[in-house]
Amino acid sequence: MDTVVDTPLPLSVGQEGLWLLQRLAPDSATYNLAGGARMTPAPDPEILGRAVRALTDRHPMLRSRYTETDGQPCRVVEAVGTVGELTVREVPDATDEELDALVRAEVRRPFHLDTEGPFRAVLLRRRDDAVALVVTHHIATDAFSQWLLWRDLLQAYEAFATGQDDPGWEPLPVAYDDFVEREQMLLDSSRGKRQAEFWQEEAAGAQAAELPTDRPRPAVSSQTGASLLRRLPDRLSDKVLRTAAQRGVSPFALTLAAFQSLLHRWGGQRDFLLACPASTRRSSAAQVVGYFVNPVLIRGRFGRDTTLADAMTQAADRVRQATARVSYPYPLVARDAGTTGPLYRISVTMVATDRFGPGMGGAASGEPMTVAGIETTYLEIPHLEGQCDLSLEITRDVYGLTMALRYDTDLFERATVERLFDVLLRFVEAAADDPDQRVARIPLTDDAERRALLALGGAGSGGTP
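All values reported here derive from a predicted model rather than from experimental measurement.

Looking now at the overall build of the protein chain. Assigned secondary structure in the protein chain consists of 13 helices and 16 strands. Taken against the 2.2 N^0.38 rule, which gives 23 Å for 465 residues, the C-alpha radius of gyration of the protein chain at 23 Å falls within 12% of a compact globule. Long-range contacts, defined as pairs at least 24 residues apart, comprise 76% of the intrachain contacts of the protein chain with a sequence gap of at least 6. With an accessible surface of roughly 21,000 Å², the protein chain has 50% of that area assigned to carbon and sulfur atoms. A distance of 6 Å separates the average location of the 51 positive side-chain charges in the protein chain from that of its 65 negative side-chain charges.

Moving on, we come to helix H6 (residues 190–203). Along an α-helix, a turn takes 3.6 residues, which lines up residues three or four apart on a common side. An ideal rise of 1.5 Å per residue puts 20 Å on 14 residues; H6 measures up with 20 Å between its terminal C-alpha atoms. Residues of H6 that are buried include every one of Gly192, Gln195, Ala196, Phe198, Trp199, Glu202 and Ala203, and no others. Buried residues of H6, seen end-on, are gathered within an arc of 160° and therefore sit on one face of the element. The exposed set on the far side of H6, more than 90 degrees from its buried face, consists of Arg194 and Glu201. After H6 finishes, the residue Gly205 shows a positive phi value of roughly 80°.

This part takes up the pairing of strand E15 (residues 390–397). Among the eight residues of E15, six are classified as buried, and the element is accordingly described as predominantly covered. Pairing between E15 and strand E16 (residues 400–408): eight bridges, direction antiparallel. Counterpart to Leu392 in the pairing with E16 is Leu405.

Right, let's talk about the pairing of strand E2 (residues 32–40) for a bit. Most of E2 is tucked away, with seven of its nine residues classed as buried. In this sheet, strand E7 (residues 130–137) lies alongside E2 in antiparallel orientation, the contact comprising eight bridges. Looking across to E7, one finds that Gly35 is bridged to Val134. Here E2 runs beside strand E14 (residues 374–379); their pairing, made up of five bridges, is antiparallel. Residue pairing in the sheet places Arg38 in a bridge with Thr377 of E14.

Along the polypeptide, Arg299 turns up in strand E11 (residues 293–301). Separated by 2.9 Å, the side chain of Arg299 and the backbone oxygen of Glu202 make a polar contact. For Arg299, the residues in contact, after removing those within four places along its chain, are Glu201, Glu202, Ala203, Ala204, Gly205, Ala206, Gln260, Asp271, Phe272, Leu273, Gln314 and Arg318.

A sheet is described by the order of its strands in space; here six strands give the open sequence E5-E6-E7-E2-E14-E13, paired in mixed fashion. The open sheet terminates on both sides in strands that have one partner only, identified here as strand E5 (86–90) and strand E13 (369–371). Averaged over all pairs of adjacent strands, the angle between their axes in this sheet comes to 25°, without regard to strand direction. Bridge count for E13 against E14 is three bridges, and the pairing is antiparallel. Bridging across to E14, Met369 finds its partner in Thr376. Against the sheet, helix H3 (residues 96–107) contacts E2, E5, strand E6 (119–125) and E7, and its axis sits at roughly 20° relative to E7.

A few words on helix H1 (residues 13–24). Helix length check: H1, at 12 residues, gives a terminal C-alpha distance of 17 Å against a target of 16 Å (1.5 Å per residue), a fit within 8%. For H1, the set of buried residues is Val13, Gly14, Gln15, Leu18, Trp19 and Gln22.

Here we take up the sheet that holds strand E1 (residues 9–10). Hydrogen bonds between backbone groups are what pair the strands of a sheet, and the pairing can be parallel or antiparallel. Spatially, three strands are ordered E1-E4-E3 in an open sheet, and the strand pairing comes out antiparallel. Edge positions in the sheet fall to E1 and strand E3 (64–69), since each has one partner strand and no second. Examined bridge by bridge, E3 and strand E4 (residues 72–77) share six bridges and lie antiparallel to one another. If you follow Thr69 over to E4, its bridge partner there is Gln72. Strands E3 and E4 of the sheet are contacted by H1, whose axis makes an angle of about 80° with E3.

Calculation notes
- Residues numbered from 1 in each chain as written.
- Predicted model: local features only at pLDDT ≥ 70, side-chain atom pairs only at ≥ 80, totals over all residues.
- Heavy atoms only, no water.
- Helix = DSSP H or I, 4+ residues; strand = E, 2+ residues; numbered from the N terminus.
- Rg over C-alpha atoms; globule rule 2.2 N^0.38 Å.
- Contact = heavy atoms within 4.5 Å.
- Areas by Shrake-Rupley, 256 points an atom, 1.4 Å probe, with all protein chains shown as cover.
- Lys, Arg positive; Asp, Glu negative; His and termini not counted.
- Charge placed at Lys NZ, Arg CZ, Asp CG, Glu CD.
- Expected span 1.5 Å × (residues − 1).
- Buried < 20%, exposed > 50% of the residue type's maximum accessible area, 1.4 Å probe, protein only.
- Arc of directions from axis to C-beta.
- Pairing = 2+ DSSP bridges.
- Polar contact = N/O pair within 3.5 Å; in protein donor to acceptor, adjacent residues only side chain to side chain.
- Axes fitted to C-alpha atoms, helices over the stretch in contact; angles between N-to-C directions.

Read these as geometric descriptors, not functional statements.
Structure follows, in structure tokens:
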């Protein structure tokens, strides 16, 4: 479907929120998304550049500039063929460490949405291999869109490298503007008013989940962060899937319950909110690149006798209720809540790689692909760091579960988050092993830590523990 060129188009409510955040912190890269692929041997830059241009021609969101007209944020779409240059950087003698540093620097380079738009493609080429890197601003894409970009880019490269004139893509049946129009219709409807009332009730009386920090919260966040990534042992992934099925909940509900239980124990809150970024994408927009994500609030309530099974049931119910009302934009929920602080500081989400389609699901798991005779391995590149105090991202692939903890480095030391990660895995294992045990009885320390604490207290020298 064609998109009007050079005519100001309205943004979705979520995009308006991201536009405001970018205006407040124009040099921030907090909302940059990134993906990369190591390609051996290095691809032909001319062919890859042609594939990048085809990619931006196909997806209007990538060749849009974001600006204001009469005080209202909007986007203006550039004409086909005018956007999508590949930047090639020759780094023939770069070590792997130097290459990683170049990738990180490129991801952390901010976008100027009003002049250069939300997309750039870079090829870092060594003598025998290269890293192809695609960086976008969140205002134009989401996690699923990132995989659409890579699928289309690699399909285009394969086609052009083998002498075809075009990648053979099917035309897109809808545009992102259809989503913006549908969202406005919801807000003007009685259904939208009912959803607003639901979210007001969900937020009433609850506070954002919060953990003790290593440093005082700054008056203005620098929005910088870091990530820890761990793949769960196969035995634990298997137990999570098996116990979730036995209890009639999703693996996400089980891991969410474990995470909420940890937050309750670590922070001491009995009634709190966290956010779950959820997709608003309809099946008709399955091939459309755009910002189809909305944070929905998930409330957790814990008492002295709450069990992990209770937490699972509660989590499954709240996710079901929230998903049924995912279309109501979070910025309006936050506006109508009337609170001075944020409704959430911690988020959690799960991504199933089988959603990415044949081939790409395996790529998300780190399996090499062959593209026009080039071995291509997708690289997990940390991004979206510093948005929240803490965010947990769970990836489910054919091999099991991987967890990434992203944290605000203004607030937390890496050692603290590493220990938090250790305890989280302990809670996940407890939920998979014995869901009927009380949350209050799950230890926050392991045997070695308890012995060390007792020794500090003198118990190791004959004192009283």
